[in-house]
Amino acid sequence: QVQLVESGGRLVQAGGSLRLSCAASGRTFSSYGMGWFRQAPGKEREFVAAISWSGRNKAYADSVKGRFMISRDNPKNTAYLQMNSLKPEDTAVYYCAADRRSFIGDTANSQAWAYDYWGQGTQVNVSS
């Protein structure tokens, strides 16, 4: 019943910026923690960023810290990933995910297994 739809992925030059959106259909979106993950060809899925249900706690992978910013707009049932100073190694399919248990400690989870719902992904290509 809860569905997530990512959008905003596209081709962008290195050094550019891009904002991804994740629209959620769930009526309890405001209680979910939200996360972004990515997977490049030949690589394992990796954590990118997360935000707790309250929005007060955030977490970032070392590879994107200082460049990417996660946020949420609960009235719009949408989470965002602002990506700046993009690098070719950021090229991947980006997935958003929702964590129903984020309210336990108001956590921003970095582990994929903690998430209950996943979107279909949006492709981000960064050219050199």
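The structure under discussion appears in the preceding block.
These lines cover the structure that appears in this document, whether it is placed above or below. Quantities reported herein were computed from a predicted structural model and do not represent experimental measurements.

**So, the sheet that holds strand E3 (residues 18–24)**
The antiparallel open sheet is built from four strands, whose spatial order is E1-E3-E8-E7. On the outer flanks of this sheet lie strand E1 (4–7) and strand E7 (68–73), each paired with one strand and no other. Geometrically, the sheet is characterised by an average inter-axis angle of 15° between neighbouring strands, direction not taken into account. Across four bridges, the pairing between E1 and E3 is antiparallel. Looking at the pairing, Glu 6 lines up with Cys 22 of E3.

**Some words on the environment of Ser 63**
Structurally, Ser 63 can be placed in the loop between strand E6 (58–60) and E7. The spatial distance from the C-alpha of Ser 63 to the C-alpha of Val 48 is 8.1 Å, given a sequence separation of 15 residues.

**A few points about the side chain of Thr 78**
Structurally, Thr 78 is set in strand E8 (residues 78–83). Here the side chain of Thr 78 touches Lys 76 through a polar contact of 2.8 Å, landing on its backbone oxygen. Residues contacting Thr 78, with those up to four places away along its chain left out, are Ser 21, Cys 22, Ala 23, Phe 29, Arg 72 and Asp 73.

**What about the nonpolar core?**
Counting 38 residues, the largest nonpolar core has Met 34, Trp 36, Leu 81, Met 83 and Tyr 94 as the members making the most contacts within it. Of all elements in the fold, only E3, strand E4 (33–39), strand E5 (46–51), E7, E8, strand E9 (92–99) and strand E11 (122–127) reach the threshold of two or more residues within this core. Dropping the residues within four chain positions of it, Met 34 is found in contact with Leu 4, Cys 22, Phe 29, Ala 49, Ala 50, Ile 51, Ile 70, Arg 72, Ala 79, Ala 97, Ala 98 and Tyr 115.

**Observations regarding unusual backbone geometry**
Note: most peptide bonds trans; most residues except glycine with negative phi. Even without being glycine, Ser 85 reaches a positive phi, approximately 50°. Structurally, Ser 85 is set in the loop between E8 and E9. Among the residues examined, Ser 85 registers a relative accessible area of 42% and is labelled partly exposed. Here Asp 106, not a glycine, exhibits a phi torsion of approximately 55°, which is positive. Inspection of the secondary structure puts Asp 106 in the loop between E9 and strand E10 (117–118).

About the criteria used
Residues numbered from 1 in each chain as written. Predicted model: local features only at pLDDT ≥ 70, side-chain atom pairs only at ≥ 80, totals over all residues. Heavy atoms only, no water. Pairing = 2+ DSSP bridges. Helix = DSSP H or I, 4+ residues; strand = E, 2+ residues; numbered from the N terminus. Axes fitted to C-alpha atoms, helices over the stretch in contact; angles between N-to-C directions. Polar contact = N/O pair within 3.5 Å; in protein donor to acceptor, adjacent residues only side chain to side chain. Contact = heavy atoms within 4.5 Å. Core = buried A, V, L, I, M, F, W, Y, C linked by side-chain atoms within 4.5 Å. Buried < 20%, exposed > 50% of the residue type's maximum accessible area, 1.4 Å probe, protein only.

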